[in-house]
Amino acid sequence: MSIGKRGGLLVLTAAVSGLMVFMGIWQLSRADEKQQLLQEWQQRGDVQLELKEALAMDRPFGYRLQVGGVFLAGGELFLDNQTENGRPGYRRIMPLQTAQGLLAVDLGWWPASADRSLLPATEPPEDGPVHLSGVLIRPWQPPLSFGEHQPEARRVSSLAPGLLAARWGQPVLPMVLKTGAEDWQPVVMGPEKHLGYAVQWFAMTAAIWLLAWWWYRRQHEA
């Protein structure tokens, strides 16, 4: 094989391994971010706020909240593509009118029917004032969006405040109150998973260079 072809293969090996090293480093950074998020969540989980206090913070997520208000009739929505124990389903979302504005409340998970045209049959919310407690979380938004459902539909794919405001007819606070969240974790993939992926990327990089070294040695001996 000519030097030019050998050099081209060396460049290709370097480029591929460089990409793999980049992916490994990225996975390490994601593991660090997830670890910090979990530590922050644990530290905040025992602190309870009033809604006014939460609104004064840039990132109130993870704190507990007690709030009073009235559920808006006819505002029930179902957040699509939410799994629990491997089962597909929805999160039931209701608008709570508070003294500080309209707050989206996650009232729990409901299983999905095999018929996509059917939504879960739920009991109507309480009439009159209610007092709720839970954890403040970020409004869930999918990593990829392929368009929203019709404005009149009760099935939604995102809890972006702008989308909820369009559905409910008034501005929505930039947070969600998640009830019954004692065992809930803010991450789907823990830091240990990212560490495992990083090790795999670095191992593949080493394997590529070992294979390249073996091939070059074989060519030289031939």
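Shown above is the structure to which this text applies.
Asker: In this structure, what is going on with the pairing of strand S5 (residues 101–111)? I would like to understand it.
Answerer: For a regular strand, side chains alternate in direction, first toward one face of the sheet and then toward the other. Among the 11 residues in S5, 8 count as buried, and that is most of the element. A loop of 2 residues connects strand S4 (residues 87–98) with S5, the two strands running antiparallel in sequence. Examined bridge by bridge, S5 and strand S8 (residues 172–178) share 4 bridges and lie parallel to one another. What sits directly across from Ala-104, in S8, is Val-176.

Asker: Explain the side chain of Arg-91 to me, please; I cannot follow it from the model alone.
Answerer: Within the element layout of this structure, Arg-91 appears in strand S4. Within the structure, Arg-91 has its side chain in polar contact with the side chain of Asp-106 (distance 3.0 Å). Dropping the residues within four chain positions of it, Arg-91 is found in contact with Leu-77, Phe-78, Leu-79, Gln-82, Glu-84, Asp-106, Gly-108, Trp-109 and Lys-178.

Asker: It is not clear to me how the layout of surface pockets should be interpreted in this structure. Could you clarify?
Answerer: By rolling a water-sized probe across the atoms, one finds the places where empty space is left. When its volume is computed, the second largest pocket comes out at roughly 170 Å³. If you trace the second largest pocket, you find 17 residues lining it, with Leu-72, Ala-73, Gly-74, Met-94 and Pro-125 closest to the centre. At the level of secondary structure, the elements contributing two or more residues to the lining of the second largest pocket comprise strand S2 (64–71) and S4.

Asker: Please explain the environment of Met-23 as it appears in this structure.
Answerer: Within the secondary structure, Met-23 sits in helix H1 (residues 3–44). We classify Met-23 as partly exposed; its relative accessible area is 23%. Sequence separation between Met-23 and Ala-198 is 175 residues; the distance between their C-alpha atoms is 7.2 Å.

Asker: Would you explain the pattern of salt bridges in this entry?
Answerer: Between side chains of opposite charge, pairing is possible as soon as their charged atoms come close. All told, the structure shown has 8 salt bridges when counted by the stated rule. Arg-91 serves as the salt-bridge partner of Glu-84, at 3.6 Å between the closest nitrogen and oxygen. Residue Arg-91 pairs with Asp-106 through a salt bridge whose shortest N-O separation is 3.0 Å. Pair noted here: Arg-91 is in strand S4 and Asp-106 is in strand S5, with a separation of 15 residues, a long-range link. The two residues Arg-91 and Asp-106 agree in class, both being buried. Among the charged side chains, a salt-bridge network with shared partners connects Glu-84, Arg-91, Asp-106 and Lys-178.

Asker: Would you take a moment to explain unusual backbone geometry for this structure?
Answerer: The phi dihedral of Asn-81 falls on the positive side, at around 60 degrees, and the residue is not glycine. Within the secondary structure, Asn-81 sits in strand S3 (residues 77–84). Phi is positive for Asn-85, close to 55 degrees, though the residue is something other than glycine.

Asker: Got a minute to help me understand the packing of aromatic side chains in this structure?
Answerer: Any pair of aromatic rings gets described here by the distance separating the centres and the angle formed by the planes. Counted by the stated rule, this structure contains 1 aromatic pair. Both rings, one in Phe-78 and one in Tyr-90, keep their centres 6.0 Å apart while their planes meet at 70 degrees; by these two values the pair is edge-to-face. With Phe-78 in strand S3 and Tyr-90 in strand S4, this residue pair connects regions lying 12 residues apart in the sequence. The buried category is assigned to Phe-78, whose relative accessible area is 0%. What makes Tyr-90 buried here is its relative accessible area of 0%.

Asker: I keep staring at the nonpolar core and nothing clicks. Help me out?
Answerer: The nonpolar side chains of a soluble globular protein tend to be buried, and buried together. One finds Val-67, Leu-132 and Met-175 to be the most contacted residues of the largest nonpolar core, which totals 18 residues. Looking at this core, the elements with two or more residues in it are helix H2 (51–55), S2, S4, S5, strand S6 (130–137) and S8. Every residue in contact with Val-67, bar those within four places of it in the chain, is listed here: Leu-51, Leu-96, Thr-98, Leu-103, Val-130, His-131, Leu-132 and Leu-177.

Asker: Is there a simple way to explain helix H3 (residues 161–168) in this structure?
Answerer: Three- or four-residue spacings in an α-helix give side chains the same orientation, since the helix completes a turn every 3.6 residues. Taken together, the buried positions of H3 are Leu-163, Leu-164, Arg-167 and Trp-168. The buried residues of H3 occupy an angular sector of 120 degrees when projected down its axis, which confines them to one face. Opposite its buried face, H3 presents the exposed residues Gly-162 and Ala-166, each directed more than 90 degrees away. The secondary structure elements touched by the buried residues of H3 are S3, S4, S5, strand S7 (155–156) and S8. Immediately downstream of H3, the backbone of Gly-169 shows phi near 80 degrees, a positive value.

Conventions and cut-offs
- Residues numbered from 1 in each chain as written.
- Predicted model: local features only at pLDDT ≥ 70, side-chain atom pairs only at ≥ 80, totals over all residues.
- Heavy atoms only, no water.
- Buried < 20%, exposed > 50% of the residue type's maximum accessible area, 1.4 Å probe, protein only.
- Helix = DSSP H or I, 4+ residues; strand = E, 2+ residues; numbered from the N terminus.
- Pairing = 2+ DSSP bridges.
- Polar contact = N/O pair within 3.5 Å; in protein donor to acceptor, adjacent residues only side chain to side chain.
- Contact = heavy atoms within 4.5 Å.
- 1 Å grid on protein atoms, 1.4 Å probe; cavity = no way out; pocket = protein on both sides within 12 Å on 5 of 7 lines; lining within 4 Å.
- Points joined across faces, edges and corners; volume = space filled by probe spheres on them.
- Salt bridge = Lys/Arg side-chain N within 4 Å of Asp/Glu carboxyl O.
- Phe/Tyr/Trp six-rings, centres within 6.5 Å; stacked < 30°, edge-to-face > 60°.
- Core = buried A, V, L, I, M, F, W, Y, C linked by side-chain atoms within 4.5 Å.
- Arc of directions from axis to C-beta.

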